[in-house]
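Results of the structural survey
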Amino acid sequence: MGSQSSGARDPFQVLEEALKGGISHFQLREKGVGALTGSALLEFALRCQQLCGEYGVPFIINDQVELACRIGADGIHIGQDDAAASQVRQRIGEDKILGVSVHSVQEAEIASKDGADYVGMGPIFGTMSKADAKKPAGVKKILAVKNEFPELPIVGIGGINSENAAQVWRAGVSGIAVISAITKAESVAERISALKASHKEGGGE
Ligand code: TZP
Ligand code: MG
């Protein structure tokens, strides 16, 4: 999520509820209308990082490699329009998490060779959270990438909620990434429990 993802609700409160609820990773994704920049973004990022640290949850930054390096984030997530994954891997070193958004077997192969720890794939379902989102692709491409690179962790994203998450798990993902399912939940804790329950429903442990 970013500073705008939770609407009228305080983003730090939503983040803390999510951390308490048991999210495994947090990604700061600051984009779109009203996105913070400069020192305001730095301050926002530092507070998110501090909160994640208190709960021992890895703090990942979307796109902004320099910011991630400056504040010592645990990882960075880049898309196909950002710097090449190989360059980013070189810049951040081996110890940081590198995630890359991919939309095909070929992009997944390149990301993996370039040193990605995981690939993000989506949007699986329709989403209101990404202005330039591609057409929803379902889980077909995830199945193809999983088949080709069984060891490469895939994180599914885009319109995932507690009702449809099981089918994403069934496609073989290692994780699911959500924005609105959590930021717009009446009870963040209950929503996270439901999302976690979907893992079992989808055949997980
Ligand atoms: N990439 C593909 S869909 C998406 C991103 C960042 C947004 C996901 O948000 P939501 O609210 O979980 O659909
Ligand atoms: Mg990007």
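Residues numbered from 1 in each chain as written. Chains lettered and ligands numbered in written order. Predicted model: local features only at pLDDT ≥ 70, side-chain atom pairs only at ≥ 80, totals over all residues.

A word on the sheet that holds strand S5 (residues 118-121). Ordered by their spatial adjacency, seven strands build an open sheet running S1-S2-S3-S4-S5-S6-S7, and the pairing between neighbours is parallel. Of all the strands in the sheet, the pair left with one neighbour each is strand S1 (26-28) and strand S7 (175-177). Averaged over all pairs of adjacent strands, the angle between their axes in this sheet comes to 25°, without regard to strand direction. With three bridges joining them, strand S2 (residues 59-62) and strand S3 (residues 75-78) adopt parallel strand pairing. In the sheet register, Ile61 faces S3, and the bridge partner there is Ile76. (Pairing = 2+ DSSP bridges. Helix = DSSP H or I, 4+ residues; strand = E, 2+ residues; numbered from the N terminus. Axes fitted to C-alpha atoms, helices over the stretch in contact; angles between N-to-C directions.)

Helix H2 (residues 38-54) packs onto helix H1 (residues 11-21) with a crossing angle of 20° between their chain directions and a minimal axis gap of 10 Å. Judged on the interaxial angle alone, H2 and H1 are roughly parallel. Between H1 and H2 the crossing geometry is right-handed. Contacts between H1 and H2 pair Phe12, Leu15, Glu16 and Leu19 from the former with Arg47, Cys48, Leu51 and Cys52 from the latter. (Parallel < 35°, antiparallel > 145°, perpendicular 65-115°, else oblique. Left-handed = near helix turned anticlockwise from the far one by under 90°. Contact = placed C-beta atoms within 7 Å.)

Omega for the peptide link from Gly122 to Pro123 comes to 0°, which places this bond in the cis form. Despite not being glycine, Asp63 shows a phi value in the positive range, around 70°. Mapped onto the elements of the fold, Asp63 is located in the loop between S2 and helix H3 (65-71).

Right, let's talk about the site of ligand 1 for a bit. Around ligand 1, the surrounding shell holds 14 residues, and the nearest of these are Thr127, Ser129, Gly158, Ile179 and Ser180. Of the residues that constitute the shell around ligand 1, the class distribution is seven nonpolar, six polar and one charged. (Near = placed C-beta within 6 Å. Nonpolar A, V, L, I, M, F, W, Y, C, P; charged D, E, K, R; others polar.)

Let us now look at the nonpolar core. Nonpolar side chains tend toward joint burial in soluble globular proteins. With 51 residues, the main nonpolar core has Val119, Val168 and Ile176 as its most contacted residues. Apart from residues no more than four positions distant in its own chain, Val168 is found in contact with Ile124, Val139, Gly156, Ile160, Val173, Ile176 and Gly202. (Core = buried A, V, L, I, M, F, W, Y, C linked by C-beta atoms within 7 Å. Buried ≥ 20, exposed ≤ 12 C-beta atoms within 10 Å, placed from the backbone.)

The subject of this paragraph is the UniProt feature "domain: Thiamine phosphate synthase/TenI" (unreviewed entry) in the protein. The UniProt record marks residues 5-182 with the feature "domain: Thiamine phosphate synthase/TenI" (unreviewed entry), using the residue numbering of this structure. This span, residues 5-182, is 39% helix and 16% strand, and a straight line between its end C-alpha atoms measures 10 Å. (UniProt positions renumbered as here; feature names shortened; annotations may be inferred.)

Orientation of H1 relative to helix H9 (residues 188-201), taken along the N-to-C sense of each, is 40°, at an axis distance of 9 Å. Here H9 runs oblique to H1, going by the angle between their axes. When the axes of H1 and H9 are compared, the crossing they make is right-handed. Two secondary-structure elements touch here, H1 through Val14, Glu17, Ala18, Lys20 and Gly21 and H9 through Val188, Ala189 and Ile192. Its residues placed into classes, the contact of H1 with H9 shows five nonpolar, one polar and two charged.

Here we come to H1. Taken together, the buried positions of H1 are Leu15, Ala18 and Leu19. With its buried residues spanning 100° around the axis, H1 presents them on a single face. In H1, the exposed positions angled more than 90 degrees off the buried face are occupied by Gln13 and Lys20. Looking at the buried positions of H1, the neighbouring elements they touch are S1, H2, helix H8 (180-183) and H9. Of the residues flanking the end of H1, it is Gly22, one or two places downstream, whose phi is positive at about 110°. (Arc of directions from axis to C-beta.)

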